[in-house]
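# Coordinate inspection notes
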Amino acid sequence: MQPAESKIPVSNRQRALKWLLALGFVVIWYGVLQGISTWVFNVSLYWNAVSQDLVANLVLGALVYTLSRNLTWYLPTIAFFMAALHLSNAGKLVVLGGPMMPDDVLAVSNLFQLFEGWQLVGVTVVVVVPLSLLVLAVAWRSTSTWVILCVLAIAGWGLVQAPLPVSRFMDKQFGDTIWNQRSNFAGRGLLIHLLQESARYLARGANPPTGEEVATALQEVRQTGSGHASPVAQDAAQATTPGRNVHLIVLESFWDPTVLSAAGLSADPIDPAFRALWAETGHSKVLSPVWGGYTANAEFELLCGFPVTEDAVFFEGWLRRDVPCLPRHLKGIGYHSIVSHPNVAAFWNRVNAYRRIGFDEYWAKPDFQLDDMNRNFLGDASYYRQVFEKITPMLDGEAPVFNYMLTIFGHLDYPLNESRPAVIETTDDNKLVRDFVNTMYYKSRELMAFLAILRARDPDALIVLFGDHPPFLGPNHGGFTESGLLTDKRSSFADAMFETLVTTPLVVIDGQRGPLQLGKVPMYQLPGLILDLLGDRRPTLMQLAATSPDAPVRPLPGMFFLVDGQPPPVCRTGQDNPARCDNAGRWLQAMIILTQDLFGGFQHILTD
């Protein structure tokens, strides 16, 4: 089929030469992009996947050329389109450890809200330029263009209507290792990987659990989840008084950098006051669902009490119903719930997500005086001061306050303003490590200054604070690998490394009773723990995950590990696992069904 809008007749030989040039360019450009991915990002395909990935890119090239007006428009369009896909995927792999997923399409708008300066220009080039070129290149007046677009629309409609058969067929053809998405990409190629995971994404949304499935899952959770109780459930009724204020403080990338033995830190960046406080907790830790980013998934767990098991941003595409999470539950006994985060309000779909889980107020970036900016991140000292000023009148009111605070200072790539000069030196040349440890110097001190004021003003309050996830310190777990904490790929992790990957400090201050020693707590168990400490014995779905079989379970995409003080056994989907994985696996699968039903399905669980 000849590209339209070519008014001068061309011979078959000329047509063939143009096709040869169009597809030959794809082959050459594909080789260049693979070289950049390999040598710059250390991201490459398995050798047996290169041919099928090249064929998929040739199909893409043929499709774009068929729709294009001529070669002049086609060549820059396919060049930018392929570069945007392949290099964005490589960038995500080195930062977050996983390849592009369908959910990333929903998150693209967040990048425009997060970045500024040259980073914003880069995002614009990657997203806007290829799409603009594609629109301009298409021969819109050609009949063949509309025929092809109709065929593509029908194919897309068919995928939406029957994604499960497509997903199963592609899994059989190209394989699927749920716990190792990087290996999935490397064994499939990017375009096949995106199509395969898109079918899986659509299949999940198209097949919500039935009432019978939910009832069975609920029974399974109640039966298998009786082995490990909340660490405070037994004595909470005698030690606490319902109706106290609750301050839940989530600290961006808050993590102890002194374990980076290869970094050569000139001093401990953590405030000694925090060291002493954390020691009173027995160095309690929280286990996050994410590493290096995706804070919204940590938020979902700590506010709703259900584990995240997918490599997707739950707030973006999975929270589709009004749900009885912690803010709405506390509202039932008179709490006024406030969430504050000095970022763009809509980032990670937070406006809708916070409304659906029951917050009364949301204070975002426009609600703060931006008087202490570290590039585009408000410093913690200013953020704490302004939130405290806003909530002080409420602390004297009749209604108890649920004050949820999410900091942004400490976000990648850890910029500091002139009032925060670097005070900690490192011996390595990793700029991210050096900037991070100096960020922690200020972040820990500003936290402790605020905590002293808050405890003096609200001595009976329940205060819970922790890091949302460990920091990103370099491509392929750079910063961690040099100290032997992680390896460059998750497929080569020792089992204990998965715990390192997701662990941050946890401090729970139970009013005048003081700091509690809680050990290691999966983040999704925090809502149940908070309700126990408040003496709130009302029935709630958030207590379902407060108990788990044998030991707490920390799920990660396609796998989970048990948290019981021993080297954590890692249980992977589709592999032979220790016997201890069986009960936990059944419990987790049941929790997944209940999660799908409550947050995106028909909510049968609310009627059981």
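Note: the structure precedes this text.
Residues numbered from 1 in each chain as written. Predicted model: local features only at pLDDT ≥ 70, side-chain atom pairs only at ≥ 80, totals over all residues. Heavy atoms only, no water.

### A short note on unusual backbone geometry
Let me state the cut-off plainly: By definition, any uninterrupted DSSP run of H or I lasting at least four residues is a helix, any uninterrupted run of E lasting at least two residues is a strand, and each is numbered from the N terminus.
Note that the residue after Leu412, namely Asp413, is joined by a cis bond; omega there is 10°. With phi around 60°, Tyr414 is a residue other than glycine that occupies positive phi space. Tracing the backbone shows Tyr414 in the loop between strand 7 (401-406) and helix 18 (431-457).

### Some words on the state of the cysteines
Going by this rule: By disulfide we mean two sulfur atoms from cysteines, separated by a distance within 2.5 Å. For every residue, the accessible area obtained with a 1.4 Å probe (protein chains only) is divided by the maximum for its type, and the residue is called buried under 20%, exposed over 50%, and partly exposed between those limits.
This structure, assessed with the given rule, holds two disulfides. Across a sulfur-sulfur distance of 2.0 Å, Cys304 and Cys325 are joined as a disulfide pair. Looking along the S-S bond of the Cys304-Cys325 disulfide, the torsion reads about 100°, which is the right-handed sense. Taken together, the positions of Cys304 in helix 13 (residues 295-304) and Cys325 in the loop between helix 14 (314-317) and helix 15 (326-331) put the pair 21 residues apart, joining distant regions of the chain. The exposure class of Cys325 is buried, given its relative accessible area of 1%. One disulfide bridge connects Cys571 with Cys581, the sulfur atoms lying 1.8 Å from each other.

### Some thoughts on the layout of surface pockets
Note the cut-off: With a 1 Å grid laid over protein atoms only, a set of points is called a cavity when a 1.4 Å probe fits there but cannot get out and a pocket when it is open yet has protein on both sides within 12 Å along at least five of seven lines; lining residues have an atom within 4 Å of a point. Grid points are joined across faces, edges and corners, and a volume is the space filled by probe spheres set on the points.
Put simply, the second largest pocket is a space of about 1100 Å³. Lining the second largest pocket are 43 residues, with Ile178, Arg204, Glu310, Gln589 and Ile592 positioned closest to its centre. Broken down by secondary-structure element, the contributors of at least two residues to the lining of the second largest pocket are helix 7 (163-174), helix 9 (190-206), strand 12 (559-562), strand 13 (570-572) and helix 21 (581-600).

### Quick notes on the packing of aromatic side chains
To keep things clear, this is the line we draw: Here is the rule: rings of Phe, Tyr and Trp (six-membered ring for Trp) pair when centre to centre is within 6.5 Å. Planes less than 30 degrees apart are stacked, more than 60 are edge-to-face, and the remainder are tilted.
Counting across every chain of the model gives 29 aromatic pairs. Between the aromatic rings of Trp291 and Phe472, the centroid separation amounts to 6.2 Å while the plane-to-plane angle is 70°, which identifies the pairing as edge-to-face. Placement of the pair is Trp291 in the loop between strand 2 (285-287) and helix 13 and Phe472 in the loop between strand 8 (462-467) and helix 19 (495-502), with a sequence separation of 181 residues. With respect to class, Trp291 is no different from Phe472; both count as buried. Considering the side-chain rings of Tyr383 and Tyr384, the 5.9 Å spacing of their centres and the 40° angle between planes classify their relative orientation as tilted.

### Brief notes about the sheet that holds strand 8
Basically, it comes down to this: Between any two strands, pairing holds if DSSP finds at least two bridges. Note on definitions: angles span 0 to 180 degrees between N-to-C directions of axes, and those axes are lines fitted to C-alpha atoms, for helices only across the stretch in contact.
Here we have eight strands laid out as an open sheet, ordered 4-3-7-1-8-9-2-10, and mixed in their pairing. Taken across any chain shown, the strands that pair with only one partner, and hence form the sheet edges, are strand 4 (361-363) and strand 10 (520-522). Averaged over all adjacent pairs, the angle separating strand axes in this sheet is 20°, with direction ignored. Both strand 3 (residues 336-340) and strand 7 contribute to a ladder of five bridges, which runs parallel. What sits directly across from Ile338, in strand 7, is Asn403.

### Observations regarding empty space enclosed by the protein
In plain terms, the rule: Throughout this entry, Asp, Glu, Lys and Arg are counted as charged residues, while Ala, Val, Leu, Ile, Met, Phe, Trp, Tyr, Cys and Pro are counted as nonpolar. The remaining residues, Gly among them, count as polar.
By the definition in use, this model includes four cavities of 30 Å³ or more. As a volume, the largest cavity reaches approximately 240 Å³. Taken together, 17 residues make up the lining of the largest cavity; nearest its centre are Phe314, Trp318, Ile592, Thr595 and Gln596. Only helix 9 and helix 21 provide two or more residues apiece to the lining of the largest cavity. In terms of residue count, the dominant contributor to the lining of the largest cavity is helix 21 (five residues). Across the lining of the largest cavity, the residue classes break down as eight nonpolar, six polar and three charged. Taken as a whole, the second largest cavity encloses approximately 50 Å³ of empty space.

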